[in-house]
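# Structural description and commentary
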Amino acid sequence: MAEPIVIKFSHVVSENTPKGQGALLFKKLVEERLAGRVVVQVFPNALLYSDTDEINGLLTNEVQLIAPSISKLIQYNPELSLFDLPFLFKDFNSVVKYWRRDISRELLSPLANNGFVGLDFWGNGMKQMTATREIRLPSDAAGLKFRIQDSEILKREYEVIGAAGIPAEFSNSFTALKNGIVQGTENTWSNIYTQNYQDVQSNMTETNHGVIGYILVTNRTFWAQLPFDVKVELNEIIHEVTDTVNNEAIVLNNQALQKLIDSNKSTILTLNESEKDAWKEAYASFLAIEGSHINRSVLRAAEIVNR
Ligand code: LMR
């Protein structure tokens, strides 16, 4: 019998997150349905590659699967900046509906020009804000530095409210917060909790101001040389895992939020309707300007799923 095909799946988050669980489910299903033919090795928590070098690890075929945040792939397809726009999507389910539309496949295809195959969209959840002081209104963030993903839109987004977005690796974010290099950050509840930001952030605000989503990508050459029947089975497994990840994500984030509340380490704010309106108003013109650079049909689909 031929040696099994080895798929190394590297990612930067904890296993107790949507992406972490998705990677483990992918491994389970592949080793059940392609037993003996394919083996999956999962490397969570940036054990193998951090978010700045995982893409190169994929391109050199050192690993065969990664699932970087969409924000980190905008450099390969600017239309993906759609998902960095603040308050564009009203909730996580709207984003998932977007990913299920044909137009989302068009957003994956340009990745092939860069040596990738974009396989599917996995979701985590809506982004929340954390800081060393209470943030209720946009003006409360003025003067603070926030760790963000390396995205030009996210940098500009923090300038709108008089703050500074400081790109840093996800795996270095806790240390940057602990050492005061930045005073705040943004992420989903599951990432906030599993990275222990509650130990270094006195305040958290449920802003739901954006989304963390991923694109599952593989090395194009690796994917092209797979036996056809293996590729068919892997595609079916990926679509099944995608549905599970996106259906379970809200549950995992709600569980993380409850654990944050129970830890009693940070003050967690929910905004009233007028405070939510103040955030949307602060970003209204920014959203219009940044949205004007995005293909009309790409943006239109977002308006449709938000209904
Ligand atoms: C981040 O860098 O904050 C996130 O993209 C990490 C992740 O993969 O969820």
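The paragraphs below set out a description of the structure included in this document. The shown structure was predicted, so the numbers you read here are calculated from the model rather than taken from an experiment. (Residues numbered from 1 in each chain as written. Predicted model: local features only at pLDDT ≥ 70, side-chain atom pairs only at ≥ 80, totals over all residues. Heavy atoms only, no water.)

### Brief notes about helix 9 (residues 228–263)
One turn of the α-helix equals 3.6 residues, which is why residues spaced by three or four share an orientation. In this model, helix 9 (36 residues) spans 49 Å end to end at C-alpha, consistent with the 52 Å of a helix rising 1.5 Å per residue. Where helix 9 bends most, the angle comes to about 40°, and this point is E248. N264, located one to two residues past helix 9, shows a positive phi value of around 55°. (Helix = DSSP H or I, 4+ residues; strand = E, 2+ residues; numbered from the N terminus. Expected span 1.5 Å × (residues − 1). Bend = angle between axes of the 7 residues up to and from the residue.)

### Regarding the nonpolar core
By size, the foremost hydrophobic cluster in this structure holds 54 residues, and its most contacted members are L82, F83 and Y98. Once residues lying within four places of it in the same chain are set aside, the contact partners of L82 are L88, F89, Y98, I294, V298, L299 and A302. With 42 residues, the next largest nonpolar core counts V30, A46, V230 and A256 among its residues. (Core = buried A, V, L, I, M, F, W, Y, C linked by side-chain atoms within 4.5 Å. Buried < 20%, exposed > 50% of the residue type's maximum accessible area, 1.4 Å probe, protein only. Contact = heavy atoms within 4.5 Å.)

### As for the packing of helix 1 (residues 18–33) against helix 9
Contact geometry for helix 1 and helix 9: axes closest at 9 Å, N-to-C directions at 150°. Along this stretch, helix 1 crosses helix 9, giving a crossing that reads as right-handed. Contacts between helix 1 and helix 9 involve P18, Q21, G22, L25, F26, L29, V30 and R33 from the former and E233, L234, I237, I238, E240, V241, T244, V245, A249, L252 and N253 from the latter. Of the residues assigned to the contact of helix 1 with helix 9, the class counts are 12 nonpolar, four polar and three charged. (Axes fitted to C-alpha atoms, helices over the stretch in contact; angles between N-to-C directions. Left-handed = near helix turned anticlockwise from the far one by under 90°. Nonpolar A, V, L, I, M, F, W, Y, C, P; charged D, E, K, R; others polar.)

### Some points on the side chain of E290
If you trace the backbone, E290 turns up in helix 10 (residues 273–291). Those residues in contact with E290, other than ones at most four positions away along the chain, are L85, I153 and R156.

### Focus: the site of the ligand
Neighbouring residues of the ligand: V12, V13, K19, D51, S69, K72, R147, Q149, F170, N187, N191 and Y214. In the environment of the ligand, an oxygen atom lies 2.6 Å from a nitrogen or oxygen atom belonging to the side chain of K19. Within the side chain of Y214, an N or O atom sits 2.5 Å from an oxygen atom of the ligand. Its free accessible area being 270 Å², the ligand has 100% of it covered by the protein chains. (Near = heavy atom within 4 Å. Polar contact = N/O pair within 3.5 Å; in protein donor to acceptor, adjacent residues only side chain to side chain. Areas by Shrake-Rupley, 256 points an atom, 1.4 Å probe, with all protein chains shown as cover.)

### Some remarks on the sheet that holds strand 10 (residues 211–219)
Reading across the sheet, the five strands line up as 2-1-3-10-4 and stay open at both edges, with mixed pairing between neighbours. The sheet terminates laterally at strand 2 (38–43) and strand 4 (116–126), the two strands that pair on one side only. Each of strand 1 (5–10), strand 2, strand 3 (65–66), strand 4 and strand 10 touches helix 1; the most contacted strand, strand 2, lies at about 160° to it. The strands touched by helix 9 are strand 1, strand 2, strand 4 and strand 10; relative to strand 4, the strand with the most contacts, the crossing angle is about 15°. (Pairing = 2+ DSSP bridges.)

### Here's the deal with helix 5 (residues 152–160)
Buried within helix 5 we find I153, L154, E157 and Y158. End-on view of helix 5: buried residues confined to an arc of 135°, all on one side of the axis. Contact partners of the buried residues in helix 5: strand 5 (128–131), strand 6 (145–148), strand 7 (164–167), strand 8 (184–187) and helix 10. Backbone geometry just after helix 5 places G162 at a positive phi near 75°. (Arc of directions from axis to C-beta.)

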